Amino acid sequence: MKRVAIAAALAGVAALAAAGIAGGAHKASPTKLTVWVGWSAGKEFVTFKKVAAEYDKQHPDVTLDVVGGIVDQKIVAAIRAGQAPDVVSSFNSYNVGIYCGTKAWLDLKPFMDKSHISASIFPPATMYYTQYGGTRCALPLLADTYGLYYNKALFKKAGLTAPPRTISELTRYAKKLTQRNPDGSIKVMGLDPFIGFYENVPERWAAAFGGTWNDAKGHAILAKSPGWTKWLKWQKSLIDWYGYNNVVKFQAGLGDEFSTSNAFETGKLAMNMDGEWRVAFLANERPTLQYGTAPLPVDDSQPSLYGSGYINGTIIGIPKNGHHTDQAWDLVKWLTTNTHALAELSNGLRNVPSTSASTHSKELI
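## Overview of the environment of D192
And then number 1: Tracing the backbone through its elements, the reader meets D192 in the loop between β6 (186–188) and α9 (202–206).
And then number 2: Measuring from C-alpha to C-alpha, the distance between D192 and T145 comes to 19 Å, with 47 residues separating the pair along the chain.
And then number 3: Dropping the residues within four chain positions of it, D192 is found in contact with F197, N200, V247, Q251 and L269.
And then number 4: A polar contact of 2.9 Å, which involves the side chain of D192, links it to the backbone nitrogen of F194.

Now the structure itself:
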């Protein structure tokens, strides 16, 4: 009797289980993918979340948790602690060497091969900065290019009709556009070359002087490359003209780079080196500002450099101790190769599309 009772009970459980499966009671819940990105300011983060929501809607098997304002230090700390998210994105492609070299980000080649995706769909520059030592641990997620923004109203007031093309012209313009208070302090600055201010980092300026990092054998030659010396001497001479203390005091009173109080947007800077994304900020925050854009001026002795410049880009990858790598790859693949997604991101962020096909998208505005 006992065996009969057990058998009957098991049969009843089996029947209930079958009924539950038939009725969908045991349907698996969506996989949660945590995605870390650097975007945090205003419309930028909103734009990324909007595009991510499109993917979310198209893929009911996953649900995305997008976290903004992420910096590389946090990415590294999370990976070291074994608490990395599923997908990570960084603004700094110069850290690819670290991520690939230490295998902190997974090698994406096996995933790309399985999905039949060739790296040749990306422009050569982005192919270069998303791999290191033969390992491609990242893919480009839009690209950045830097140039000179100039205030047309302040130019007109100073009698200037076109943007400068050489460093000597840039220096002369910067001095002519600068306005001082009665005590000699700066009211409006022609150009701020101070390293650490907004987008000012050495490599972006040194490119305009022909500065190079390595020789043909890969050895560092910063001390030997004349471009670096020229840039440093120029920067110091212009800061000396303003007065170092005046520069520090002026900067202390300026708004944050990614706020509506940005110094160029409020007319406190007549010229500024910035990225292409500033166009979106200006359209949203200062639509009436009369401004122009141009390549950065270059060393007077190397006019052929004009029109070239420093290129960087947002990168995206999968950390080594993340979860759900197959689903994570599917999202990374969509974000970096889907022409519609890249066009939508570019339209909202004003970053440069990062596949050859997406640069020709009819959706781009």
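The rest of the description comes next.
## Concerning helix α14 (residues 339–349)
And then number 1: Taken across its eleven residues, α14 has eight buried, putting it largely inside the fold.
And then number 2: Here the buried face of α14 lies against α2 (42–58), β4 (139–151), α12 (278–285) and α13 (325–337).
And then number 3: Regarding α14, its N-cap is N338, as a side-chain oxygen of that residue lies 3.1 Å from the backbone nitrogen of H340 further along.
And then number 4: Positive backbone phi, approximately 65°, marks R350, located one or two places after α14.

## Some words on the packing of aromatic side chains
And then number 1: Applying the stated criterion across every chain yields a total of 19 aromatic pairs.
And then number 2: Centre to centre, the rings of F111 and W329 are 5.7 Å apart; their planes meet at 35°, and the pair counts as tilted. Of this pair, F111 sits in helix α5 (residues 109–114) while W329 sits in helix α13, and the two are 218 residues apart along the sequence. The burial state of F111 is the same as that of W329; both residues are buried.

## Some details on the pattern of salt bridges
And then number 1: Taken as a whole, this structure holds eight salt bridges when the rule is applied.
And then number 2: Across the salt bridge formed by D65 and K32, the nearest N and O atoms sit 3.9 Å from each other. Remark: K32 occurs in strand β1 (residues 31–36) and D65 occurs in strand β2 (residues 62–67); sequence separation between them is 33 residues.
And then number 3: With its nearest N and O atoms 2.9 Å apart, the salt bridge here joins K230 to D299. Here the residue K230 occupies a position in helix α10 (residues 226–242), and D299 occupies one in the loop between β8 (291–294) and β9 (311–317), the gap between them amounting to 69 residues.
And then number 4: Given the relative accessible area of 36%, K230 is considered partly exposed.
And then number 5: Taken together, the shared-partner salt bridges connect E265, D274 and R278 into one network.

Reading the values: rules and limits
Residues numbered from 1 in each chain as written. Predicted model: local features only at pLDDT ≥ 70, side-chain atom pairs only at ≥ 80, totals over all residues. Heavy atoms only, no water. Helix = DSSP H or I, 4+ residues; strand = E, 2+ residues; numbered from the N terminus. Contact = heavy atoms within 4.5 Å. Polar contact = N/O pair within 3.5 Å; in protein donor to acceptor, adjacent residues only side chain to side chain. Buried < 20%, exposed > 50% of the residue type's maximum accessible area, 1.4 Å probe, protein only. Phe/Tyr/Trp six-rings, centres within 6.5 Å; stacked < 30°, edge-to-face > 60°. Salt bridge = Lys/Arg side-chain N within 4 Å of Asp/Glu carboxyl O.

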